[in-house]
Amino acid sequence: MVGIELAAQVTPWLASGRTLFLIIHLLGITSFAYIVARRLVPLLRAEPDLRFDQPLARLGKVLKFGLAQWKHPRYRTAGIIHIFIFAGFICLVLRAFYVLIVGVSENFVMPGLSGEAGHIYNLITDYAATVVFLCMVIAIVRRLVFKPARYAVPEKFGKAHIADAIFLLALIAILMVADSLFAAARAAGQVQQGQSVELLAAWSLPWMLQSLLVSSSLSALKDFYFGAYLLHEVTFYFLLCYRPFGIQFHVETSLFNLYFAKLGRGTLKPVKYGVSDEHLDQVKSFGVKTFEDFTWKHMLDFYSCADCGRCSDNCPANAVGRPLSPRFITIKARDYAFQHYPMFGKPDNHKALIGGIYSEDEIWSCTTCGACEEECPLLVEYIDKVVDLRRGMIDDGNVPQSLQKPLKALESRGNPYGKMEKKRADWVNANDFRQTCQVKTLVGKSKADTLYFVDSVTSYDDRIQSIGRATAKILDHVGEDFGILGTAEKDSGHEVRRFGEETLFMALRDHNAEAIKATGVKRIVTADPHTYNALKHDYKDMPPVEHISQVIASEVKSGKIKFNAVENGNNVYTYHDPCYLGRHNQVYDDPRDVLDAIPGLKRVEMSRSRDRSFCCGGGGLMLFYEPKEEQRMGVKRVQMAAAAGANVIVTACPFCMVNIEDAIKVAGMEGKMTAIDLAELAEQQIARGKPVVKAEQTAEIVAGR
């Protein structure tokens with residue numbers, strides 16, 4: 001026996017090895033091509049999705065999240081295992097092709113791997129096969145013995161895929177053993193024949209198998225290496241063709257999914273790609289109502305999900321017992337695709353999505369906080385799918401009872417509370433405020449450099465109005481020439497859009513955009529992250545938008561804002577990252593820089609902070625929605641703050657303030673825990689030295705007025 005290439009020359013049963021392996025190759029490749037073609041059918045029938053722009057940025061995502069495995073270490077044990085598996089497969093790619101080819105061409109040598117380079121590569125692959133095999137064993141033990149909670153499947157979501165996962169892991173382990181066994185048999189045969197022995201990597205799986213086989217007869221070794229080669233071929237193609245039926249289809253689709261992933265944060269897909277807002281009235285149906293209404297990219301998401309459970313493990317709705325688990329938004333759709341687009345026969349795709357695959361409460365339970373998307377290592381998208389499903393329900397007149405009143409109020413009054421438009425700016429009329437800060441309304445000839453966009457909750461909620469006044473005082477203190485729209489302002493429509501009411505959103509957006517452009521302002525400031533996100537991503541051709549935390553941080557660095565020391569040095573503060581300021585817009589450091597600039601302020605981080613912050617549950621219209629849940633999100637967040645040792649929660653969002661203050665009461669922590677907005681805290685602590693003189697005031701002084 002000279003080497004494994006003789007596998008092509010062996011004549012078992014009725015055919016030569018070359019003929020046998022050629023048949024296996026043809027069957028395997030043909031079967032895989034057919035299976036993939038069938039899996040592509042629903043994608044070809046899906047809605048279009050424009051994902052072919054910015055190729056370099058997309059390639060960067062593949063390199064970062066695919067090849068560099070960027071997000072996997074966020075779950076340390078599983079992440080490290082996956083990185084080793086991935087690295088092992090990368091090392092074994094060329095060897096796999098080489099092994100497949102030598103079965104039909106015994107003299108084949110992989111280009112660049114002859115001589116010394118080939119020996120070095122073989123040593124690397126010996127260790128790679130060993131590492132992958134050990135990782136498979138560890139992964140199987142984890143699923144059978146340790147059983148991480150995120151792998152579990154509640155009964156309401158169907159059956160667990162544990163057996164499927166273990167079977168696939170076992171197939172990979174068998175593949176590694178087969179690869180190592182024929183390498184070991186070849187080396188042992190060389191020893192038997194007194195030939196120059198190809199060095200195997202010490203303590204690798206092939207090395208250990210060679211030690212066991214070296215005393216076997218030459219005839220037995222020939223059987224071992226031929227049997228191992230045949231096992232490798234059959235296992236390789238069986239695994240290749242089986243994966244598109246189960247949870248490992250992501251092996252084939254993940255790099256494509258990463259390449260076509262969304263590039264922008266905080267954005268939403270249009271109702272239909274290629275249809276402008278002006279022509280939406282010609283669209284017969286809004287949103288997703290049938291499976292084919294999803295875009296091809298979202299169907300690719302369904303195939304690419306690794307069923308790792310990270311999304312649901314970080315989903316606040318899932319954590320408090322709402323009927324939503326992002327993982328199963330994907331898994332149930334994939335199961336639907338497999339069942340209703342079968343390998344043989346005609347598709348059976350008439351099952352309704354809402355009521356058939358998903359429940360109404362399941363879709364309405366999402367707060368669009370983005371925790372699931374932030375955690376997914378394969379960049380599977382959820383928010384666009386949820387919003388599209390809501391668009392479909394609203395288009396059919398299926399609106400939750402508790403949301404009907406605020407939506408009608410938004411349509412008629414421009415705010416969800418149904419309050420009169422003329423009272424939108426009443427918050428500036430508080431006596432103690434008017435004496436220290438004059439806020440002008442930008443109408444007619446009244447102009448300003450900066451617009452403070454207040455939005456509905458700050459304009460009408462008595463408690464939240466103090467955030468508006470604090471914001472105005474800060475802008476006034478730094479000498480900012482600013483004003484508000486007053487009665488000309490309507491709700492930004494941010495939550496309206498994310499609740500699926502696209503037409504109403506467009507009406508609100510167009511009204512506000514026209515009013516903003518009429519003022520001629522150079523920039524916009526807001527204290528509401530939802531407004532910030534809407535103006536930045538949902539509106540078009542707007543002046544630059546800043547959140548008040550960014551303004552304060554900038555002015556602290558420039559020296560215009562200095563703080564007094566906190567009066568109660570015993571208080572311990574913690575910062576709660578609002579979803580639409582943090583995850584959706586990556587503003588993490590500015591609010592913390594402001595807090596850290598206040599002398600004597602003690603700050604701690606909660607266990608879930610920054611991009612893993614826990615949603616308060618109160619974004620926009622969620623204040624009006626009545627979900628089925630075991631515990632309020634806000635209560636869980638307050639408990640996290642207490643566990644961190646804090647007694648003051650600082651946030652930078654009016655909706656968070658409403659929910660967290662209410663949660664403090666529900667949790668029975670009044671007197672033990674308080675909440676304050678960053679703008680309120682900053683305004684309280686500002687050192688009131690010599691006031692900054694505005695440019696217009698300077699002009700009046702020069703003129704002698």
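Structure report, in brief. (Residues numbered from 1 in each chain as written. Predicted model: local features only at pLDDT ≥ 70, side-chain atom pairs only at ≥ 80, totals over all residues. Heavy atoms only, no water.)

1. Here's the deal with the overall build of the protein chain
Secondary structure summary: the protein chain contains 28 helices and 9 strands in total. Contacts in the protein chain between residues at least 24 apart in sequence constitute 79% of all its contacts with a sequence separation of at least 6. Of the roughly 30,200 Å² of accessible surface on the protein chain, a fraction of 58% belongs to carbon and sulfur atoms. Once the 81 positive and 77 negative side-chain charges of the protein chain are each reduced to a mean point, those two points are 1 Å apart. (Helix = DSSP H or I, 4+ residues; strand = E, 2+ residues; numbered from the N terminus. Contact = heavy atoms within 4.5 Å. Areas by Shrake-Rupley, 256 points an atom, 1.4 Å probe, with all protein chains shown as cover. Lys, Arg positive; Asp, Glu negative; His and termini not counted. Charge placed at Lys NZ, Arg CZ, Asp CG, Glu CD.)

2. A few points about the packing of aromatic side chains
In this structure the tally under the stated criterion is 25 aromatic pairs. Ring geometry for F52 against W296: centres 5.9 Å apart, planes inclined by 35°, an arrangement best described as tilted. A residue pair is termed long-range when its members are at least 10 positions apart, and F52 in the loop between α1 (17-45) and α2 (55-67) and W296 in helix α9 (residues 296-304) qualify at 244 residues. W296 sits in the buried class, given a relative accessible area of 15%. Ring geometry for F291 and Y336: centres 4.9 Å apart, planes at 45°, overall tilted. Of this pair, F291 sits in the loop between α8 (250-259) and α9 while Y336 sits in helix α12 (residues 326-340), placing them 45 residues apart in sequence. Residue classification places F291 among the buried positions, given a relative accessible area of 1%. Joined through ring pairs, the aromatic side chains of F21, F182, F226 and Y229 make up one cluster. Directly above the ring of F338 sits R39, whose terminal nitrogen or CZ lies 3.9 Å from the centroid. Geometry around W70 places K64 over its ring, the cationic atom sitting 4.8 Å from the centre. (Phe/Tyr/Trp six-rings, centres within 6.5 Å; stacked < 30°, edge-to-face > 60°. Buried < 20%, exposed > 50% of the residue type's maximum accessible area, 1.4 Å probe, protein only. Lys NZ or Arg CZ within 6 Å of the ring centre and 35° of its normal.)

3. Considering the pattern of salt bridges
Where charged atoms from two side chains of opposite charge approach closely, those side chains can pair. Counting across every chain of the model gives 43 salt bridges. The residue E502 makes a salt bridge to R497 at a minimum N-O spacing of 3.1 Å. Comparing E502 with R497, the two get one shared label, buried. Overlapping salt bridges, with partners in common, bring together K269, D388, R391, R497, R498, E502 and D538 in one network. (Salt bridge = Lys/Arg side-chain N within 4 Å of Asp/Glu carboxyl O.)

4. Description of the pairing of strand β8 (residues 648-651)
When a strand is regular, its side chains alternate between the sheet's two faces. Here β8 shows no split at all, with V648 and V650 on one side and I649 and T651 on the other all buried. Of the pairings in the sheet, the one linking strand β6 (residues 572-575) to β8 comprises 3 bridges and is parallel in character. Paired with Y573 across the two strands is V648, which belongs to β8. Bridge count for β8 against strand β9 (residues 674-677) is 4 bridges, and the pairing is parallel. When the bridges of β9 are listed, V648 appears paired with T674. Tracing the backbone out of β8, into helix α26 (residues 654-666) and back to the parallel element β9 gives a crossover that is right-handed. (Pairing = 2+ DSSP bridges. Right-handed = clockwise from strand over helix to strand, strands pointing away.)

5. Some details on unusual backbone geometry
Positive phi, close to 60°, is recorded for L379, a residue that is not glycine. Within the fold, L379 resides in the loop between α14 (371-375) and α15 (383-395).

6. Observations concerning the environment of P347
With respect to the secondary-structure elements, P347 resides in the loop between α12 and α13 (360-364). Judged by relative accessible area, which is 25%, P347 ranks as partly exposed. For the pair P347 and F226, spaced 121 residues apart in sequence, the C-alpha to C-alpha distance is 42 Å. In this structure, P347 is in contact with R45, H340, Y341 and P342, ignoring residues within four places of it in sequence.

7. A word on the side chain of R391
As for its position among the elements, R391 is in helix α15. A polar side-chain atom of R391 sits 2.9 Å from a polar atom in the side chain of E502. Once residues lying within four places of it in the same chain are set aside, the contact partners of R391 are L268, K269, P270, V271, F286, G287, R497, G500 and E502. (Polar contact = N/O pair within 3.5 Å; in protein donor to acceptor, adjacent residues only side chain to side chain.)

8. Considering helix α5 (residues 162-192)
Since one α-helical turn is 3.6 residues long, residues separated by three or four positions face the same way. Here α5 spans 44 Å end to end across 31 residues, near enough to the 45 Å set by a 1.5 Å rise per residue. When you tally the buried positions in α5, you get 23 out of 31 residues, the bulk of the element. (Expected span 1.5 Å × (residues − 1).)

9. A few points about the sheet that holds strand β7 (residues 602-604)
Pairing within the open sheet is parallel, and its 4 strands lie in the order β7-β6-β8-β9. The strands lining the two open edges of the sheet, one partner per strand, are β7 and β9. For this sheet, the mean inter-axis angle between neighbouring strands, taken without regard to orientation, is 35°. (Axes fitted to C-alpha atoms, helices over the stretch in contact; angles between N-to-C directions.)

10. As for α2
Here α2 spans 17 Å end to end across 13 residues, near enough to the 18 Å set by a 1.5 Å rise per residue. For α2, the complete set of buried residues consists of R58, K61, V62, F65 and G66. On an axial view of α2, the arc spanned by its buried residues comes to 105°, and they lie on one face. Check the buried side of α2 and you find it contacts α3 (76-102) and α8. (Arc of directions from axis to C-beta.)

11. Details of the sheet that holds strand β3 (residues 482-484)
Taken together, the 5 strands give an open sheet; going across it, the order is β1-β3-β2-β4-β5, and neighbouring strands pair in parallel fashion. Looking at the sheet topology across the chains shown, the edges are occupied by β1 (440-441) and β5 (545-547). Here helix α19 (residues 465-477) sits on the sheet in contact with β2 (450-452), β3 and β4 (523-526), set at roughly 165° to β2.

12. What about the nonpolar core?
Grouped together as the largest cluster of nonpolar side chains are 140 residues, with contacts concentrated most on F291, I516, I548 and V650. Residue contributions to this core peak at 7 residues, all from helix α21 (residues 502-519). With residues near it in sequence (within four places) discarded, I516 still touches L451, F453, L485, V521, I524, L535, M542 and P543. Within the second largest apolar cluster, 48 residues are counted, among which are F32, I81, A139 and A188. (Core = buried A, V, L, I, M, F, W, Y, C linked by side-chain atoms within 4.5 Å.)

13. Re the packing of α5 against helix α7 (residues 218-242)
In helix packing, the relevant descriptors are the interaxial angle and the interaxial distance, both defined with respect to the helix axes. Two elements in contact, α5 and α7, have axes separated by 8 Å at closest approach and are oriented at 150°. What the angle tells us is that α5 and α7 run roughly antiparallel. Note on packing geometry: the crossing formed by α5 with α7 is left-handed. When its residues are assigned to classes, the contact of α5 with α7 shows 22 nonpolar, 4 polar and 2 charged. (Parallel < 35°, antiparallel > 145°, perpendicular 65-115°, else oblique. Left-handed = near helix turned anticlockwise from the far one by under 90°. Nonpolar A, V, L, I, M, F, W, Y, C, P; charged D, E, K, R; others polar.)

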